[in-house]
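Here is how the chains run, residue by residue.
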Amino acid sequence: KLSTVDLMQRYIEEVAPAHKGGAIEIGRLRRMISTQEFLQKPLAMLQTVDLQDYIKERLEEVAPATVDRDIDVISQVLNYASDVWKIAPSENPLKGVKRPKYYNERDRRLLAGEEEALLKAARESGTPYVEPMIIFALETAMRRGELLALRWENIRLADRVAHLPMTKNGKWRNVPLSSKAVQVLKALPRALRGPVFPMTANAVKLGVVRALKRARQRYEQDGGTDDRMLVDLKLHDLRHVAVTRLAEKLPNIVELASVSGHTDVRVLRRYY
């Protein structure tokens, strides 16, 4: 009999590859397929209690936000199967599921001296694109995915503009380039086409983590005592810093939204 795993496998083959975040989606589905026996049950026997038990057990291993994303993916598979393939259990097992509650909004900002220390460590890391990417992120407020998708054919140096054909919200936008952002681009190996930052998402993550570790070690060796310094900082936090800096320069929230790519201007109020 058809199981949830069967639907997941078909979703991996036919649907997920066309999604912007398809690789992450596929990885999450494959992990669940290989570790969760309840997904092998016939689809007609899948119950709300199965998902509730999964949530309870998974919360012992990972953060609530991760569990919530797992449920999101399961929901996407079941909803797509029902809407498009017309395959669905008689009763929706997601109905009544109590998802984990969590507060996931980060408010991490750069402390005095962190930017300089991080850039110095990144410069010494031996990975040539980490420092330029950090600077570019701070100058443009671009997301990591947008930085990695940025291509030379979409850079207009004469106009000081980077064109993003597709962003997280499904729309294009033009990002103005500061003098420092232009300097970064001019210092990179140039090509007519291809990615500006030829790295994988994991390589970027590891590069930033290693730079932070190196910078923190140097800070401690120099006698630093602030426990917050160079700890719990992520590349996405630099986007918050960049948007805050842009808010100081741009006269209104609509212009800020056009640069940052936020679709809900209410989200930007905290930056002002």
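Presented here is an overview of the structure given in this document. All of these numbers come straight from a predicted model, not from anything done at the bench.

It is worth spelling out the layout of surface pockets at this point. Considering only enclosed or pocket space, the largest pocket measures out at about 2300 Å³ in volume. Lining the largest pocket are 42 residues, with Ile24, Arg69, Arg144, Lys168 and His236 positioned closest to its centre. Among the elements of the structure, α2 (22-35), α4 (64-85), α7 (144-149), α9 (201-221) and α10 (235-249) are those that each provide at least two residues to the lining of the largest pocket. The element contributing the most residues to the lining of the largest pocket is α9, with seven residues. A per-class count over the lining of the largest pocket returns 16 nonpolar, eleven polar and 15 charged. Looking at the second largest pocket, its volume works out to about 180 Å³. Those elements that place two or more of their residues in the lining of the second largest pocket are α6 (130-140) and α10. A total of four residues in the lining of the second largest pocket trace back to one element, the largest contributor, which is α10. In terms of residue class, the lining of the second largest pocket is made up of six nonpolar, two polar and three charged.

Going through the model one piece at a time under the given rule, you end up with 19 salt bridges. For Glu14, the salt bridge is made with Arg10, and the minimal N-O distance between the two is 3.2 Å. Separated by four residues within a single helix, Glu14 and Arg10 lie in helix α1 (residues 4-14), roughly one turn from each other. In this structure, the salt-bridge partner of Asp70 is Arg31, at a minimum N-O distance of 2.9 Å. Residue Asp70 is located in helix α4, and its partner Arg31 is located in helix α2; the two are separated by 39 residues in the primary sequence.

About the criteria used
Residues numbered from 1 in each chain as written. Predicted model: local features only at pLDDT ≥ 70, side-chain atom pairs only at ≥ 80, totals over all residues. Heavy atoms only, no water. 1 Å grid on protein atoms, 1.4 Å probe; cavity = no way out; pocket = protein on both sides within 12 Å on 5 of 7 lines; lining within 4 Å. Points joined across faces, edges and corners; volume = space filled by probe spheres on them. Helix = DSSP H or I, 4+ residues; strand = E, 2+ residues; numbered from the N terminus. Nonpolar A, V, L, I, M, F, W, Y, C, P; charged D, E, K, R; others polar. Salt bridge = Lys/Arg side-chain N within 4 Å of Asp/Glu carboxyl O.

Remember that the coordinates give geometry; whether it matters functionally is a separate question.
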